[in-house]
Amino acid sequence: MIQFVRRALGLYPPWAVCEGSNKNVSPQEEQADSEGQVILMVVAPLKDLKQKIVKAGDKDRDGQLDFEEFVHYLRDHEKKLRLVFRSLDKKNDGRIDAQEIMQSLRDLGVTISEQQAEKILKSMDKNGTMTIDWNEWRDYHLLHPAENIPEIILYWKHSTIFDVGENLIVPDEFTVEEKQTGMWWRHLVAGGGAGAVSRTCTAPLDRLKVLMQVHASRNNNMSILGGFTTMIREGGFRSLWRGNGINVIKIAPESAIKFMAYEQIKRLIGSDQETLGIRERLVAGSLAGVIAQSSIYPMEVLKTRMALRKTGQYNGMLDCGKKILLKEGMAAFYKGYVPNMLGIIPYAGIDLAVYETLKNAWLNRYATSSADPGVFVLLACGTISSTCGQLASYPLALVRTRMQAEASVEGAPQATMSKLFKHIIKTEGAFGLYRGLAPNFMKVIPAVSISYVVYENLKLTLGVTSR
């Protein structure tokens with residue numbers, strides 16, 4: 001290990017060693033393709049480089065890097081570099097050539113010529129073979145800390161397939177090539193179709209959740225079986241799907257608005273990266289969620305009212321909207337808006353944090369030969385993280401639903417968010433904030449599973465290529 005560390009400490013390239021030099025980047029880093037796209041990572045000056053290494057390896061956050069932390073950083077970073085090397089090594093022969101570099105960059109949406117690929121090779125090639133082996137790759141990159149390694153992170157993204165019938169906070173991210181070829185809208189259509197099917201299949205559980213959120217109490221302890229029996233007795237078997245129509249219709253505008261807002265916010269925060277860091281994704285995703293939810297929120301109110309309606313109360317969605325407007329005014333379409341927006345923050349934060357934690361745990365323990373975790377690992381990580389996010393934001397979701405349903409429930413108090421919180425805790429206890437949680441969690445696994453199967457089949461039908 002000592003020899004390994006000593007060797008690593010001598011890995012600064014000649015042009016980065018002199019701290020007083022005015023040359024902050026190497027000549028090869030200035031190479032760009034005909035459209036001006038930079039094809040090599042820009043390495044910071046030595047001072048910035050040291051700061052990045054300290055920041056990346058400083059586990060106890062004391063602003064210093066001791067020997068143990070430095071060794072841990074080297075091991076962790078070398079593992080990531082090995083995964084990237086193997087993903088670039090398309091022929092699995094232990095060497096990277098110009099064609100493999102061209103193909104890998106093409107997969108990321110960057111097209112370069114063979115001459116430009118050879119220049120990249122020469123910057124790392126020590127023995128003049130015009131190929132790079134593992135040792136040359138590691139020696140060149142080991143002390144170049146990168147916050148995002150696209151070849152790894154492209155395997156680890158929230159995708160539109162993880163639709164559990166709740167608001168998806170962080171939209172899918174697409175490569176430059178997918179945006180230029182129009183492949184992105186096919187992904188969105190496939191995701192929207194999958195969401196529509198999965199929501200329809202789990203709609204009875206979703207309606208039961210709404211009924212328990214609004215009507216269940218200490219005096220009316222509605223069970224799952226009792227709730228289904230009540231719904232069927234009151235309106236027949238078809239009544240189990242009340243409110244599903246508007247729930248499916250709002251997928252398309254919400255997804256489109258969220259995607260467009262997400263792209264614009266990414267530009268505003270000054271990020272040109274293919275894959276954002278977790279903090280940037282949290283900010284951009286939350287703001288995009290607020291914009292999208294604000295645009296379609298009246299449809300959320302309609303969905304709740306339709307799910308709670310009694311037989312013969314409304315003649316469809318339009319009649320429901322018309323009666324709400326005439327009887328309660330336009331303000332009724334934004335009841336529960338504040339707790340709904342506040343719920344985005346804990347949902348997005350915990351969802352992303354759990355997802356990143358699970359991702360890193362898998363990479364550190366099981367990623368030995370490939371950075372691709374496989375579909376089951378992705379499904380498990382997405383399901384667990386989304387469930388944790390819902391658990392944290394559920395009290396806000398319950399208060400939102402009760403506020404949306406106020407006028408449709410006889411004798412319901414017309415309360416503000418804070419008063420409703422106090423009323424629930426006073427009359428039902430803390431448990432009252434989690435009414436309907438059981439059917440909500442019951443639909444997670446079938447929703448994700450159905451969504452994934454439909455998504456994969458729709459991708460084949462639409463000609464969507466795998467990443």
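These figures come from a predicted structure and were not determined experimentally. (Residues numbered from 1 in each chain as written. Predicted model: local features only at pLDDT ≥ 70, side-chain atom pairs only at ≥ 80, totals over all residues. Heavy atoms only, no water.)

Colleague: Describe the packing of helix α15 (residues 278-308) against helix α18 (residues 375-405), naming the residues involved and giving the relevant values.
Modeller: Packed helices, taken two at a time, are described by the angle between their axes plus the distance between the axes. At a minimum axis distance of 9 Å, the contact between α15 and α18 shows a crossing angle of 75°. If you check the angle between α15 and α18, you find them roughly perpendicular. Residue-level inspection shows Tyr297, Glu300, Val301, Thr304, Arg305 and Leu308 of α15 in contact with α18, the latter providing Arg400, Thr401, Gln404 and Ala405. The residue inventory of the contact of α15 with α18, partitioned by class, reads 4 nonpolar, 3 polar and 3 charged. (Axes fitted to C-alpha atoms, helices over the stretch in contact; angles between N-to-C directions. Helix = DSSP H or I, 4+ residues; strand = E, 2+ residues; numbered from the N terminus. Parallel < 35°, antiparallel > 145°, perpendicular 65-115°, else oblique. Contact = heavy atoms within 4.5 Å. Nonpolar A, V, L, I, M, F, W, Y, C, P; charged D, E, K, R; others polar.)

Colleague: Can you explain the environment of glycine 316? Please cite residues and give values.
Modeller: Along the chain, glycine 316 turns up in the loop between α15 and α16 (317-328). On the basis of relative accessibility, which here comes to 26%, the residue glycine 316 falls in the partly exposed class. A C-alpha to C-alpha distance of 9.9 Å links glycine 316 and arginine 242, two positions 74 residues apart in sequence. (Buried < 20%, exposed > 50% of the residue type's maximum accessible area, 1.4 Å probe, protein only.)

Colleague: Summarise the side chain of glutamine 213; cite the residues concerned and give the values.
Modeller: With respect to the secondary-structure elements, glutamine 213 resides in helix α11 (residues 203-215). For glutamine 213, a relative accessible area of 2% corresponds to the buried category. A polar side-chain atom of glutamine 213 sits 3.1 Å from a polar atom in the side chain of tyrosine 394. Setting aside residues up to four positions removed in sequence, glutamine 213 forms contacts with Tyr394, Ala397, Leu398, Thr401, Arg402 and Arg435. (Polar contact = N/O pair within 3.5 Å; in protein donor to acceptor, adjacent residues only side chain to side chain.)

Colleague: Give me the confidence of the model for the protein chain: which residues, what numbers.
Modeller: Within the protein chain, residue pLDDT values average 76, and 72% of them lie at 70 or more. At the low end of the mean pLDDT range in the protein chain sits helix α2 (residues 14-17), at 33; at the high end sits α11, at 93. Confidence over residues 1-46 falls short of pLDDT 50; this stretch has 81 contacts with residues more than four positions distant or in other chains. (pLDDT = per-residue confidence, 0-100.)

Colleague: Describe the packing of aromatic side chains, naming the residues involved and giving the relevant values.
Modeller: Taken as a whole and judged by the stated rule, the model has 7 aromatic pairs. Centre to centre, the rings of tyrosine 297 and tyrosine 334 are 6.0 Å apart; their planes meet at 20°, and the pair counts as stacked. Here tyrosine 297, found in helix α15, pairs with tyrosine 334, found in the loop between α16 and α17 (337-366); they are 37 residues apart in sequence, far enough to count as distant. Between tyrosine 394 and tyrosine 434, the aromatic rings sit 6.0 Å apart at their centres with planes inclined by 10°, giving stacked as the arrangement. Placement of tyrosine 394 in helix α18 and of tyrosine 434 in the loop between α19 (417-428) and α20 (437-442) is noted, with a sequence separation of 40 residues between them. (Phe/Tyr/Trp six-rings, centres within 6.5 Å; stacked < 30°, edge-to-face > 60°.)

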